[in-house]
Amino acid sequence: MTSLNRALVAIALAAVVAGGAAAALIVSSDHTPHPGAGIAIGLLIAWSFVGTGLYAWWRRPANRFGALMAAVGFTYMLGSLTASDDSVVFTIGVLLASLYFVVFAHLLLAYPDGRLRRRWHAWLLAGGYALSVVGPLPQLLWGFSERMLESCADCPESALLIERNDTLRDVFNALMSAIGVAIVAVVLVILIRHWRAATAPQRRAMAPVLWSGVAMLVVLATALGTDAAGISRLTDLLGWLSLLVFASVPWVFLIGLVRSRVARAGAVSELLLRLGEAPGTGTLRCRLADALGDRSLQLAFWLDDKGRWVDSDGHAVELPAEDDPARGRTAVELEGRRVGAIVHDRSLCEDPELLGSVAAAAGLAMENERLQAQLRARVEELRASRARIVEAGTDERRRLERNLHDGAQQRLVALSLTLRLAQAKVRKEPDKADELLGAAQQELTLALGELRELARGIHPAILSDRGLGAALEALAGRAPMRVDLADLPSDRLPEPIEAAAYFVVAEALTNVVKYAHASQATVSVTRLNGHAVVEVADDGIGGADPDRGSGLRGLVDRVSALDGRMLLDSPAGSGTRLRAEIPV
Amino acid sequence: MDDHPSFRATARVLLEAEGFDVVGEAADGASALTEAGRLQPEVVLLDVQLPDIDGFDVAARLTGNDDSPVVILVSSRDSSDFGPLVMRSGARGFVPKAELSGDRLQELL
């Protein structure tokens, strides 16, 4: 037996003992008119509260609602102290007789999770608790009213009686009643607000207890009002009515629980049936929303290869946090593998069995939708990367045009002018012509250098002629720092793969030089499991941002276009390792 | 050996002006090998990019024997574009085309 179960059994025993004691008090009382009926009704109400409370507590140990429910039962039994013939016990009984009512209001305010939602609700309840004890004081200090004396002629004297003073008692009584009505009214307003703010599934869960509670509060507030107004017959009637409604609360709650179990079994079996129907008769989301009765339900699918959640269209989505007050999430697994998640109204977390059954039933269907979502995500990615590749091509052409125009072309224009000038001077001023030809030679060398650089950037000839290994050796030789070539493929790889691998290394080395503050870099290209694996690692400062610059983004697209993927590992202070895996 | 006739012509004029005796020309790798075998030159000026066999392979085949000619690779590209290939090809050296002169050749011979 767990410690929780032991505690619950102990509480149940305490309720039995307390009930027995209350019954004994009532039986031995000389001022209780119908002891048998009193005991039966009292114990029925008290024990049904304690019983359903303990049941709820056992089902949902984390929810304080069950404990509050049991507390209503226990405090209700305190009223039996008024059956005592002893003046002191009787007086204590009168003081504590209304306490249960405030505990009940507490229960309503804290419904359905057993926690108060606002700080001032706690203050309001504290006022209620105080009033429930202070409320009977005018009667105890200045003598019972005529009506009380009529209904309880043999009751013991108040232990707190100072002197009989009807005026003082009536004034304070009216004051206490007014405060009581005010508190009840505020509680009612709060409950109505809770109801209006609740989502459909929350309302379904709240309805039984909330409405019976509200009914009782209304009846009781009216009773307090009529009591203050002195309409005793109506007060008695309303008192009985409120007792009836009050007694029904635990049963209504219990029926709600049982109904949700039956409804759950029905919902899950219907879901299973509908999931077996031909596709196209409504989306999975709609079916799960129906089964859980939550129109706001959303589905998220897990893409293992990308390590992220997407919706059914393949767009990335964020799941609500574990402690999100409005939305809950339930994982859906298939054969122990994460498939997706149901994102639903928080109130459904109160029924983990239902969520569990629905999630289990939805596993296979979710997996099918997940595969579709994966495909859509992939199409979406391809579309975006295709657009980027076209854009990058246009950008590249623009850059080439600008470089040619600003660089080599300008130099050739200048060269043409210089040569014409030299030609004009060659006979009359041969020294000047010689000088001009020297300048022309310099200009030409610069133009050639720029053209070479440009041509190399477009596509290095050595890559097509001699393959990736030779091209990388040349690249390493040109780098302004030490670049070790660890592994290079001995065979030629398909040309697009060689080109992608070359530009991955070239861009990576450019980034290493620009940002990494590294003294050395290592390049390797290996063939592994049908993939060409390109790795560039440096001993620099790390902390590289994968979103930095368009160069890396362009490479990711280039590698993705070949069905490959890029991985960047760059912990701060521990160097950077860029890895591209391209299927061969 | 070069597939560009204009460069071959310029190089011939330039080298003959500087006292070299140009015994033959070839426009691709295969004819370069045949011509070199037939003419037995002392120096072969060899372009890296030829339409059939590339300059490094031609150089490798031309060199290696005692009576092999000295091979000088030329290219409009920079030697850094080729990494260690120039060293490994068996060629004596590399001269960028724009810097070709009798003096540069003499330095390497």
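Our subject in this report is the structure included herewith. (Residues numbered from 1 in each chain as written. Chains lettered and ligands numbered in written order. Predicted model: local features only at pLDDT ≥ 70, side-chain atom pairs only at ≥ 80, totals over all residues.)

## Considering the overall build of chain B
Logical step 1: For chain B, the helix and strand inventory stands at five helices and three strands.
Logical step 2: For chain B, the residues scored as buried account for 31% of the 109 residues in total.
Logical step 3: A separation threshold of at least 6 residues defines the contact pool for chain B, and within that pool the share at least 24 residues apart is 52%. (Helix = DSSP H or I, 4+ residues; strand = E, 2+ residues; numbered from the N terminus. Buried ≥ 20, exposed ≤ 12 C-beta atoms within 10 Å, placed from the backbone. Contact = placed C-beta atoms within 7 Å.)

## With respect to the overall build of chain A
Logical step 1: When you go through chain A residue by residue, the secondary structure sums to 17 helices and nine strands.
Logical step 2: Buried residues in chain A amount to 34% of all 584 residues.
Logical step 3: Taking contacts inside chain A between residues at least 6 apart in sequence as the whole, the part at least 24 apart equals 65%.

## Focus on helix α16 (residues 495-516) of chain A
Logical step 1: Spanning 22 residues, α16(A) covers 30 Å between terminal C-alpha atoms, matching the ideal 32 Å at 1.5 Å per step.
Logical step 2: Positive backbone phi, approximately 50 degrees, marks H517(A), located one or two places after α16(A). (Expected span 1.5 Å × (residues − 1).)

## Structural notes on the interface of chain B and chain A
Logical step 1: With eleven residues of chain B at the contact, the number on the chain A side is 15 residues.
Logical step 2: Among the residues making up the side of chain B that touches chain A, the classes are represented as four nonpolar, three polar and four charged. (Nonpolar A, V, L, I, M, F, W, Y, C, P; charged D, E, K, R; others polar.)

## Overview of the sheet that holds strand β4 (residues 337-345) of chain A
Residue and element names in this part refer to chain A.
Logical step 1: In spatial order, the strands read β2-β1-β4-β3; together these four strands make up an open sheet with antiparallel pairing. The sheet is open, and its two edges are formed by β2 (308-310) and β3 (327-334), each paired on a single side. The mean angle between the axes of side-by-side strands here comes to 30 degrees, regardless of whether they run parallel or antiparallel.
Logical step 2: Note: strand β1 (residues 298-303) against β4, four bridges, orientation antiparallel. The residue bridging A300 from the neighbouring strand is A341, located in β4. (Pairing = 2+ DSSP bridges. Axes fitted to C-alpha atoms, helices over the stretch in contact; angles between N-to-C directions.)

## Some points on the nonpolar core
Logical step 1: Grouped together as the largest cluster of nonpolar side chains are 61 residues, with contacts concentrated most on A501(A), V504(A), V505(A), L46(B) and L73(B).
Logical step 2: Counting residues per element, this core draws most heavily on α16(A), which supplies twelve residues.
Logical step 3: The residues touching A501(A), leaving out its near neighbours within four places in the chain, are L468(A), V525(A), A532(A), V534(A), A580(A) and I582(A).
Logical step 4: A70(A), L109(A), L217(A) and F253(A) belong to the second largest nonpolar core, which has 55 residues in total. (Core = buried A, V, L, I, M, F, W, Y, C linked by C-beta atoms within 7 Å.)

## Some thoughts on the environment of A62(A)
Residue and element names in this part refer to chain A.
Logical step 1: Position of A62 among the secondary structure elements: in the loop between α2 (35-59) and α3 (65-78).
Logical step 2: Classification of A62 as exposed rests on a count of 8 C-beta atoms within 10 Å.
Logical step 3: For the pair A62 and D113, spaced 51 residues apart in sequence, the C-alpha separation works out to 8.7 Å.

## What to know about the packing of helix α5 (residues 99-109) of chain A against helix α9 (residues 166-197) of chain A
All names here are of chain A.
Logical step 1: Following both chains from N to C, one finds α5 and α9 inclined at 20 degrees, their axes separated by 10 Å at the closest point. Relative to α9, α5 is oriented roughly parallel. Remark: the crossing between α5 and α9 carries left-handed chirality. Touching A105, L108 and L109 of α5 are V187, I190 and L191, all from α9.
Logical step 2: For the contact of α5 with α9, the per-class residue count stands at six nonpolar, no polar and no charged. (Parallel < 35°, antiparallel > 145°, perpendicular 65-115°, else oblique. Left-handed = near helix turned anticlockwise from the far one by under 90°.)

## With respect to the packing of helix α1 (residues 3-28) of chain A against α3(A)
Axis angle and axis distance: for two packed helices, these are the angle between their axes and the distance between the axes, and together they describe the pair.
All names here are of chain A.
Logical step 1: Direction vectors running N to C along α1 and α3 enclose 20 degrees, while the axes themselves pass 10 Å from each other. Taken together, the axes of α1 and α3 are roughly parallel relative to one another. The element α1 and its partner α3 pack so that their crossing is left-handed. Judged by residue contacts, I11, A15, A18, G19 and A22 of α1 engage A70, G73, F74 and M77 from α3.
Logical step 2: A breakdown of the residues in the contact of α1 with α3 according to their chemical character gives seven nonpolar, two polar and no charged.

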